[in-house]
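# Secondary and tertiary structure notes
As a plain string of letters, each chain reads:
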Amino acid sequence: MIKKKFALVALLLLFFNNISYANTVSFVDIDFLINNSTIGKSILLKLENKDKENIKFLKEREKIIKKLESEIKNKQNVLSEKELEAEINTLKNKISEFNLEKNNIVKSFASFKNKELKEVLDKFNKIIQNYMTENSIDIVLNKKNIFIGKNTSDITKKILIEIENNLK
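Because the structure is a prediction, the values reported are computed rather than measured. (Residues numbered from 1 in each chain as written. Predicted model: local features only at pLDDT ≥ 70, side-chain atom pairs only at ≥ 80, totals over all residues. Heavy atoms only, no water.)

### Considering a nonpolar patch on the surface
A grouping of Val25, Ile139 and Leu141 is seen on the molecular surface, where their side chains present a nonpolar patch of about 210 Å² in accessible area. Topologically, Val25 is positioned in strand S1 (residues 25–28). A relative accessible area of 37% means that Val25 is categorised as partly exposed. (Patch = residues over 30% accessible without salt bridge, like charges linked within 9 Å, V, L, I, M, F, W, Y side chains within 5 Å. Areas by Shrake-Rupley, 256 points an atom, 1.4 Å probe, with all protein chains shown as cover. Salt bridge = Lys/Arg side-chain N within 4 Å of Asp/Glu carboxyl O. Helix = DSSP H or I, 4+ residues; strand = E, 2+ residues; numbered from the N terminus. Buried < 20%, exposed > 50% of the residue type's maximum accessible area, 1.4 Å probe, protein only.)

In structure tokens, the structure reads:
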């Protein structure tokens, strides 16, 4: 008899224990926020301008090297072997310098981009955390990591409004 009561109590506890308090889970499209918020657009424009400057600078340097290469080809029959070899070595050195400079610019731009995006995402994070607190949301996930979800769980547009109101 005691075993039956114990089993019944255990069964009831398991049944009622499975009725858990639902955590509120929402998701946000961070890419949408960056592309459509004023602050995100300004950062993207800043990154685009910096990238264009870098490309322009590298193309100018590349033109100089191609011009030097063309001059060497034109002088090839006129110069002695030692002079030609010296000019070719100079060209190789300039090409090596250009490649190093190009790699440094790429690394520098990547670092700059990461820094700028991190600052924006930190600002977004604060706003999202405030929104979570005000609306009793337990978890917010990035939309690109969600396979499927209810449209009512998508708070992207609400967060965009908060961003626009708080970051002017």
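### So, the nonpolar core
Grouped together as the largest cluster of nonpolar side chains are 19 residues, with contacts concentrated most on Val28, Leu33, Phe124, Ile159 and Ile163. Broken down by secondary-structure element, the contributors of at least two residues to this core are helix H2 (30–36), helix H3 (38–75), helix H4 (81–134) and helix H5 (156–166). Residue contributions to this core peak at 7 residues, all from H4. Excluding residues that lie within four positions of it along the chain, Phe124 makes contacts with Leu33, Ile34, Ser37, Ile39, Ile163 and Leu167. Counting 9 residues, the second largest nonpolar core, distinct from the first, contains Leu68, Leu84, Leu91 and Ile105. (Core = buried A, V, L, I, M, F, W, Y, C linked by side-chain atoms within 4.5 Å. Contact = heavy atoms within 4.5 Å.)

### Looking at the confidence of the model for the protein
Averaged over all residues, the pLDDT of the protein is 86; the fraction at 70 or higher stands at 86%. Per-element mean pLDDT across the protein ranges from 56 in helix H1 (residues 2–18) up to 94 in H2. (pLDDT = per-residue confidence, 0-100.)

### Description of the packing of aromatic side chains
Enumeration over the complete set of coordinates arrives at 0 aromatic pairs. For Lys50, the ring lying beneath its charged end belongs to Phe112, and the centroid distance is 5.6 Å. (Phe/Tyr/Trp six-rings, centres within 6.5 Å; stacked < 30°, edge-to-face > 60°. Lys NZ or Arg CZ within 6 Å of the ring centre and 35° of its normal.)

### Some thoughts on the pattern of salt bridges
For side chains of opposite charge, pairing can occur when their charged atoms come near one another. According to the stated counting rule, one finds 9 salt bridges in the structure shown. Here Lys66 and Glu62 are joined by a salt bridge, their closest N and O atoms 3.9 Å apart. You can see Lys66 and its partner Glu62 sitting in helix H3, 4 residues apart, about one turn around the helix. Glu116 is the partner of Lys115 in a salt bridge, and the nearest nitrogen-oxygen pair spans 3.6 Å. When its relative accessible area of 46% is taken as the criterion, Lys115 is described as partly exposed. Salt bridges linked by common partners bring Lys46, Lys115, Glu116 and Glu119 together as one network.

### Concerning the packing of H3 against H4
The N-to-C vectors of H3 and H4 enclose an angle of 175 degrees; their axes lie 11 Å apart at closest approach. Relative to H4, the element H3 is oriented roughly antiparallel. Taken together, the residues of the contact of H3 with H4 break down into 19 nonpolar, 1 polar and 14 charged. (Axes fitted to C-alpha atoms, helices over the stretch in contact; angles between N-to-C directions. Parallel < 35°, antiparallel > 145°, perpendicular 65-115°, else oblique. Nonpolar A, V, L, I, M, F, W, Y, C, P; charged D, E, K, R; others polar.)

### Some words on H5
Every buried residue of H5 is accounted for by Thr156, Ile159, Leu160 and Ile163. Buried residues of H5 fall within an arc of 105 degrees about the axis and therefore sit on the same side. The exposed residues of H5 that point more than 90 degrees off its buried face are Lys157 and Ile161. Contacts made by the buried residues of H5 are with S1, H2, H3 and H4. (Arc of directions from axis to C-beta.)

### Here we look at the packing of H4 against H5
Where H4 meets H5, the closest approach of the two axes is 10 Å, and the angle between their N-to-C directions is 115 degrees. Seen from above, H4 lies across H5 with right-handed handedness. Counting all contacts with H4, which are made through Phe124, Ile127, Ile128 and Tyr131, the residues of H5 involved are Lys158, Ile159, Glu162, Ile163 and Asn166. Its residues assigned to classes, the contact of H4 with H5 comprises 6 nonpolar, 1 polar and 2 charged. (Left-handed = near helix turned anticlockwise from the far one by under 90°.)

### Points about H4
For H4, built from 54 residues, the straight-helix expectation of 80 Å at 1.5 Å per residue is met to within 8% by its first-to-last C-alpha distance of 79 Å. When we look at burial in H4, the residues that qualify are Leu84, Leu91, Phe98, Ile105, Phe109, Glu116, Val120, Phe124, Ile127, Ile128, Tyr131 and Met132. Where the residues of H4 are buried, they touch S1, H2, H3, strand S2 (139–142) and H5. Downstream of H4 by one or two residues, Ser136 has phi in the positive range, about 50 degrees. (Expected span 1.5 Å × (residues − 1).)

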